[in-house]
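Chain by chain, the residues:
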Amino acid sequence: MRVTVLEAADLLRIGNVVGVATETVYGLAASLQYPVAIEQIFTLKNRPANNPLIIHVADISQIEQFTESLSPEFLQLVAAFWPGPMTLVTEVLTEKIPTKVRAGLTTAAFRIPSHPLTLELLRLTGPLVMPSANLSGKPSATSREHVETDFGSDFPVLDGGTCFKGLESTILYFNQERWIIIRQGSLSPAVFSPILGYTPLVEKPNSEERPICPGQLFRHYAPQAMLTLGKYFTGKEKQVIVGFSDRVYPVGSVVYALGELSKPETIAQNLYAVLRQLDLDGVAEALVDDNFSSEGILASVRERLTKAAAK
Ligand code: TXA
Ligand code: MG
């Protein structure tokens, strides 16, 4: 159910949970002031308690209250990429942030989103926690309709149209004197090198150890359909292929096009809508054409598809 910015702000200020558009994916928002609403987010999403939430703010001054200090590099990254699809993790004054939000860690993740409606809302409400607005493990939501599919048509949503980026923010973490990427996302590693002087490495989550980014361990972004990444077969009838609109597939196959390989940003924008369409159509099995480069945003697309195909 569509709500205006003022209605969304009012609902959040009395402790409700609201779906909110951002430039990356839709978020499920609650005020940092309402432990009950934060609890409700975990229940609604069926989210494991060990998976912390990102705190979204309108302004860097809203972060300063939570930390002892912010490093010069943190501030340089902020100046270059906020508002935008970058999330930064930093040590915080733990007594200032509910344990549930941090999942018991001594750090918290922060982001200033760039969607004008989200910023308008955050200026009215103050800091909001916002995980992606989808059931845990399922494809993220990039439209109001997607949020309503997961949480019901009466669920209040601040509709900002189809998300411009379509993939979540890139999360950076400072570890052993270097920034590393603990979740790939809308910003590619190379964009950070002019600021940092090096390209941050992408941390591979290791289930043996305590992961730096708890959300990275799970099968994720996954539709009902069993996905297999690989080559499609010529001659096999009625195979369902998740592929690209500028590529030719065997006659008789049912193709779900992610977008044009020549325009990678369209693939990022459409990814979750296509994965959700498989479910709407009751597809049980699909092959994902994985014959594409891992340059730029396509590296993040590949990571999402790999997680969606995880058993
Ligand atoms: O683009 C986005 O980041 C979207 C929009 C709504 O802003 N939000 C989003 O939230 O993707 P969520 O909850 O789906 O993913 C947040 C990720 C999780 O993998 C979580 O484990 C990680 O951020 N995270 C949050 N706080 C953390 C912390 N203190 N240390 C390490 N990882 C953290
Ligand atoms: Mg998510």
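Reading guide: rules and limits
- Residues numbered from 1 in each chain as written.
- Chains lettered and ligands numbered in written order.
- Predicted model: local features only at pLDDT ≥ 70, side-chain atom pairs only at ≥ 80, totals over all residues.
- Heavy atoms only, no water.
- Near = heavy atom within 4 Å.
- Polar contact = N/O pair within 3.5 Å; in protein donor to acceptor, adjacent residues only side chain to side chain.
- Areas by Shrake-Rupley, 256 points an atom, 1.4 Å probe, with all protein chains shown as cover.
- Helix = DSSP H or I, 4+ residues; strand = E, 2+ residues; numbered from the N terminus.
- Nonpolar A, V, L, I, M, F, W, Y, C, P; charged D, E, K, R; others polar.
- Pairing = 2+ DSSP bridges.
- Salt bridge = Lys/Arg side-chain N within 4 Å of Asp/Glu carboxyl O.
- Buried < 20%, exposed > 50% of the residue type's maximum accessible area, 1.4 Å probe, protein only.
- Domains from an automatic or database assignment.
- Contact = heavy atoms within 4.5 Å.
- Buried area = accessible area lost by both parts, 1.4 Å probe.

**Looking at the site of ligand 1**
Residues in contact with ligand 1 amount to 27 residues; listed here are only the nearest, T24, N51, H56, S169 and G215. Measuring from a nitrogen atom of ligand 1, one finds a side-chain N or O atom of T107 at 3.0 Å. At a separation of 2.5 Å, an oxygen atom of ligand 1 approaches a polar side-chain atom of S169. Protein burial of ligand 1: of its 680 Å² of free accessible surface, 98% is covered by the chains. Only β4 (54-56), β6 (107-111) and β10 (178-183) provide two or more residues apiece to the shell around ligand 1. It is β6 that provides the largest number of residues to the shell around ligand 1, a total of four residues. Taken together, the residues of the shell around ligand 1 break down into 15 nonpolar, eight polar and four charged.

**Things to note about unusual backbone geometry**
For the bond from W82 to P83, the omega torsion is -5 degrees, close enough to zero to count as cis. You can see P83 is positioned in the loop between α4 (72-81) and β5 (86-91). Phi angles above zero are rare outside glycine, and A103 is one such case at about 50 degrees. With respect to the secondary-structure elements, A103 resides in the loop between α5 (99-102) and β6.

**Quick look at the pairing of strand β9 (residues 170-175)**
Relative to β9, β5 is paired through three bridges, and the arrangement is parallel. When the sheet's bridge partners are listed, T87 is paired in β9 with I171. Pairing of β9 with β10 involves five bridges; the strand directions are antiparallel. Bridging across to β10, Y173 finds its partner in I180. Between β9 and β10, which pair antiparallel in sequence order, lie two residues; one of them, Q176, sits at a positive phi of approximately 50 degrees.

**Quick notes on the pattern of salt bridges**
What the rule picks out here adds up to 13 salt bridges. For D150, the salt bridge goes to R276, with nearest N and O atoms at 2.9 Å. Of this pair, D150 sits in helix α7 (residues 144-151) while R276 sits in helix α9 (residues 264-280); the two residues are 126 residues apart in sequence, bridging distant segments of the chain. Overall, D150 belongs to the buried group, its relative accessible area being 17%. For E303, the salt bridge goes to K307, with nearest N and O atoms at 2.6 Å. Here E303 and its partner K307 are both found in helix α10 (residues 297-308), four residues apart, which amounts to about one turn of the helix. Accessibility assignment for this pair places E303 and K307 in one class, buried.

**Things to note about the domain arrangement of the protein**
We note that the domain assignment places domain 1 (2-196) and domain 2 (226-308) within the protein. Put simply, the middle of domain 1 and the middle of domain 2, counted by C-alpha atoms, are 28 Å apart. Each side of the interface is counted separately: domain 1 has 21 residues, and domain 2 has 14 residues. Taking both partners together, domain 1 and domain 2 bury about 1,400 Å²; carbon and sulfur atoms supply 51% of that area. By the criterion of area lost to domain 2, the three top residues of domain 1 are P139, L167 and Q184, representing 41% of everything that side buries. Linking domain 1 with domain 2 are two salt bridges. A salt bridge links E168 to R304; the nearest nitrogen and oxygen atoms lie 3.2 Å apart. Applying the counting criterion to the domain 1 and domain 2 interface returns nine residue pairs in polar contact (both at pLDDT 80 or more).

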